[in-house]
Amino acid sequence: MSPQPPSHPPRAYAAIELDAVRDSVAALVARAGAAATMAVVKADGYGHGMLPCARAALDAGASWLGTAFLEEALALRAAGITVPVLSWLAAPGERLTAGIAADVDLSASAGWALDDLAAAARTAGRAARVHLKIDTGLGRAGATGEDWPGLCDSAAALEADGLIEVVGVWSHFAFADAPGHPTVQAQISRFGDAVDVARKAGLRPQVRHLANSAATLVSPEAHFDMVRPGVSVYGLSPGPEVGPPSAFGLRPAMTLRASTALVKRVPAGTGVSYAHRYRTSAETGLAVVPLGYADGIPRSATNTAEVLVGGRRRRIAGTVCMDQFVVDVGADPVRVGDEVILFGPGDRGEPTADDWARALGTINYEIVTRIGPRVPRVYI
């Protein structure tokens, strides 16, 4: 069932189907099998709203939550959420003491991070719960293979001193959304070796975790003790090579809607929007839609992305502006206040976030997460 607009809809809003989040998470939990499921709710729940989506994910069987930044994890705690939460991206000077006091799990990829965690644990008067990260091939965060043994030895010494508890060992894939890529199996192998090194150092991590959305869906050998789906929590496929959402019981949760703010007839040859990058070829109708790049509509959608208006898909006409864009609606009887759907699950013929991503040469992650705070989230 498509989301229904509120009785007095704002000029533009993102309708979020929480049942779609629940259904998608339930499908991911089933895929995870015996492994626990961490629902990643960073970046305001990939633009969907962190707290409502976190609660929906927990309702559906997720038992952990994941965030990038500590303030996100602290917001979950402030909202009364008590399940294990991992926050993994910190720079020197972060409020680690507050995180430790709030029972937030924290990550370390280098010796300086362990030093900061130990200092914060002394201040907090309790051990920090730590997940050690190994770089198995992404080339981003995580200790190198050369530095990993030393990191594990340092962590074991701090654990013996009662300053940290090594709860997990983890890593992240580079090509999991290309399931046949040779790096997938290579990273699984390196991860297993890294766990062995940690155990030889005297560490006994409770959770080994490597699988993102793609690996959760198609690489069961990567599930280990816990999986960490992100974009698929919100019903989106992590990539075309993995498969469409419907192949896995996922349903896109966000439908981005607006109302036309102006409709007018113009003659042939009319230039539209800044720099007249679109010019009408015949007498036509122009509809103004009150969403722009300040709301997260990419300026690159100019003359490229499509929307559903008047029951038909039509391409954006002319330059996307800060607060608005224009659609050439031809002779269709579109009126002011009529609904425009930018993207959704596709049930009504509207474009999907995947369609926008293909048109703009990006990924669906970016399409949904960039929708800004001026756009209200309405929960269905």
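Everything numeric in this text was worked out from a predicted model, so none of it was measured.

The rules we used
- Residues numbered from 1 in each chain as written.
- Predicted model: local features only at pLDDT ≥ 70, side-chain atom pairs only at ≥ 80, totals over all residues.
- Heavy atoms only, no water.
- Helix = DSSP H or I, 4+ residues; strand = E, 2+ residues; numbered from the N terminus.
- Buried < 20%, exposed > 50% of the residue type's maximum accessible area, 1.4 Å probe, protein only.
- Contact = heavy atoms within 4.5 Å.
- Phe/Tyr/Trp six-rings, centres within 6.5 Å; stacked < 30°, edge-to-face > 60°.
- Lys NZ or Arg CZ within 6 Å of the ring centre and 35° of its normal.
- Pairing = 2+ DSSP bridges.
- Right-handed = clockwise from strand over helix to strand, strands pointing away.

Draft legend 1. Representation of the environment of Arg 140 within the structure. Checked against the element boundaries, Arg 140 lands in the loop between strand 6 (128-133) and helix 7 (148-160). Accessibility expressed as a relative area gives 58% for Arg 140, which makes it exposed. Considering only alpha carbons, one finds Arg 140 and Ala 174, 34 residues apart in sequence, at a separation of 9.3 Å. Leaving out residues up to four positions away in the same chain, Arg 140 has contacts with Asp 135 and His 172.

Draft legend 2. Examining the packing of aromatic side chains more closely. Scanning the model with the defined rule gives five aromatic pairs in all. Ring centres of Tyr 46 and Tyr 365 lie 6.4 Å apart, and the angle between their planes is 40°; on these two criteria the pair is classed as tilted. Of this pair, Tyr 46 sits in helix 2 (residues 42-46) while Tyr 365 sits in helix 11 (residues 364-369), and the two are 319 residues apart along the sequence. Overall, the relative accessible area of 8% leaves Tyr 46 in the buried class. Seen in terms of ring centroids, Phe 191 and Phe 224 are 5.0 Å apart; in terms of plane orientation they differ by 70°. Their pairing is edge-to-face. In this pair, Phe 191 is assigned in helix 8 (residues 182-200) and Phe 224 in the loop between helix 9 (213-218) and strand 9 (226-227), connecting sequence segments 33 residues apart. Members of the aromatic cluster, connected to one another through ring pairs, are Tyr 46, Tyr 234 and Tyr 365. In this arrangement the basic side chain of Lys 133 is found over the ring face of Trp 170, its NZ or CZ atom lying 4.1 Å from the centre.

Draft legend 3. Quick look at the pairing of strand 5 (residues 105-108). Residue alternation in strand 5 divides its side chains into two sets, Asp 105 and Ser 107 and Leu 106 and Ala 108, and both sets are buried. Bridge count for strand 4 (residues 85-87) against strand 5 is two bridges, and the pairing is parallel. Bridge pairing in strand 5 links Leu 86 to Asp 105. Remark: the strand 4/helix 5 (residues 96-101)/strand 5 crossover connection has right-handed handedness. Chirality of the crossover, the property in question, places the unit of strand 5, helix 6 (residues 111-124) and strand 6 among those that are right-handed.

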